[in-house]
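# Fold and contact review
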Amino acid sequence: MDLILLSLSVALGIVMGANNIGNVVGPIVASGVFKVRRLLFFSSIAAFIGAIIGGRNGIFLNASLGKYDDLEITVIYVASVIVTSFFLRQKLPIALTQVIVGASVGVGVLNGTVDPRSLLFVVVGWFLTPVVAFGFGYLTYAVLAPLLRGVKNLFVRGIILKIALWFFALYGSFSLGANDVGKFAGFLYRRGYSLWEILVLGGLAISFGILSFGNRTVYTVARELMALDDFSSLVCVLSVSMTVSFFSTFGLPISSSHAVFGSMMGVGISRGVRVRNDKVARKILFSWLEAPLLGGLISSSLFSIFRFLW
């Protein structure tokens, strides 16, 4: 059972890294400044470091969502991998936090172990994330745009932008690792695994997912949602990074897809640009509802089957 749980944890971490990295570096890819493979390579390193340094609070909070035995944890992991893989094949960066929490609630409702206070705390974070990201995006663009226009030399301006894009891409990946590792590794901590082992294992899984499959969701955010220039990409990534970092301070597992959507809307309104593809925007928004519902339905169905058979 230990081997099964560890394998499922690694699988979920890989899928999570592939799914979420598009929300962080997708806007930068849209600018065309960097080669995607190089960007993903350095992002994977930053995400691993973020998981090691900043992941402990998220692990503590996620471990408090409910009490689950080995079978229940296995069902939650399997349901989460199924749902996330389904959306990943559609190249949609879904709210993976909602998938895991939805799967946990699906099992917790049947066994009566859901902690309402922790669950409420997480759900409030879901609603606050796009609002906070929107505010960061709108205000950051409004403040920094005049400063950049003050740099008259185009060559110097380009160097400043490129350095800043690299810095905030790595900062965003660091924040992503810190926020994501607790989402799938908190259950292992409750089972008695050491915090250090969980952080290392989780960080490696996220990094591998970024390197192996991250390009699938990067292009969805980068090319289909909204047209961004270099500076807008910088502001968007900075806003997402600040949002994820802010909530990670409290150990709150938020969705980076919520953050990137809110920040892009904020940046777009601030500079007078609308969504490029309304259909993609609607699909992303609708996936926020589908993800927890499917996670809960699949986990509760699997758990019912296992409990009936055994």
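Residues numbered from 1 in each chain as written. Predicted model: local features only at pLDDT ≥ 70, side-chain atom pairs only at ≥ 80, totals over all residues. Heavy atoms only, no water.

With that settled, consider the overall build of the protein chain. Check the secondary structure of the protein chain and you find 12 helices and 0 strands. Counting from the amino terminus, the protein chain carries its helices and strands in the arrangement α-α-α-α-α-α-α-α-α-α-α-α. Its C-alpha atoms give the protein chain a radius of gyration of 19 Å, within 12% of the compact-globule value 19 Å for 310 residues. Each of the three principal axes of the protein chain carries a C-alpha extent, and together these read 70 × 35 × 30 Å. When the 310 residues of the protein chain are sorted by exposure, 55% land in the buried category. A total accessible area of about 13100 Å² is found for the protein chain, and carbon and sulfur atoms account for 70% of it. (Helix = DSSP H or I, 4+ residues; strand = E, 2+ residues; numbered from the N terminus. Rg over C-alpha atoms; globule rule 2.2 N^0.38 Å. Buried < 20%, exposed > 50% of the residue type's maximum accessible area, 1.4 Å probe, protein only. Areas by Shrake-Rupley, 256 points an atom, 1.4 Å probe, with all protein chains shown as cover.)

With that out of the way, let us pick up the packing of aromatic side chains. Each aromatic ring pair is characterised by the separation of its centres together with the angle its planes make. By the definition in use, this model includes 6 aromatic pairs. Considering the side-chain rings of Phe-41 and Phe-42, the 5.2 Å spacing of their centres and the 80° angle between planes classify their relative orientation as edge-to-face. What makes Phe-42 partly exposed here is its relative accessible area of 37%. Where Phe-167 meets Phe-168, the ring centres are 5.1 Å apart and the plane angle is 80°; that geometry is what we call edge-to-face. Overall, Phe-167 belongs to the exposed group, its relative accessible area being 52%. The class of Phe-168 is buried, set by a relative accessible area of 16%. (Phe/Tyr/Trp six-rings, centres within 6.5 Å; stacked < 30°, edge-to-face > 60°.)

Take the confidence of the model for the protein chain next. Residue-level pLDDT values for the protein chain average 82, and 90% of them are 70 or greater. Per-residue pLDDT, averaged within each element of the protein chain, yields its smallest value for helix α9 (residues 215–224) (65) and its largest for helix α2 (residues 36–54) (92). (pLDDT = per-residue confidence, 0-100.)

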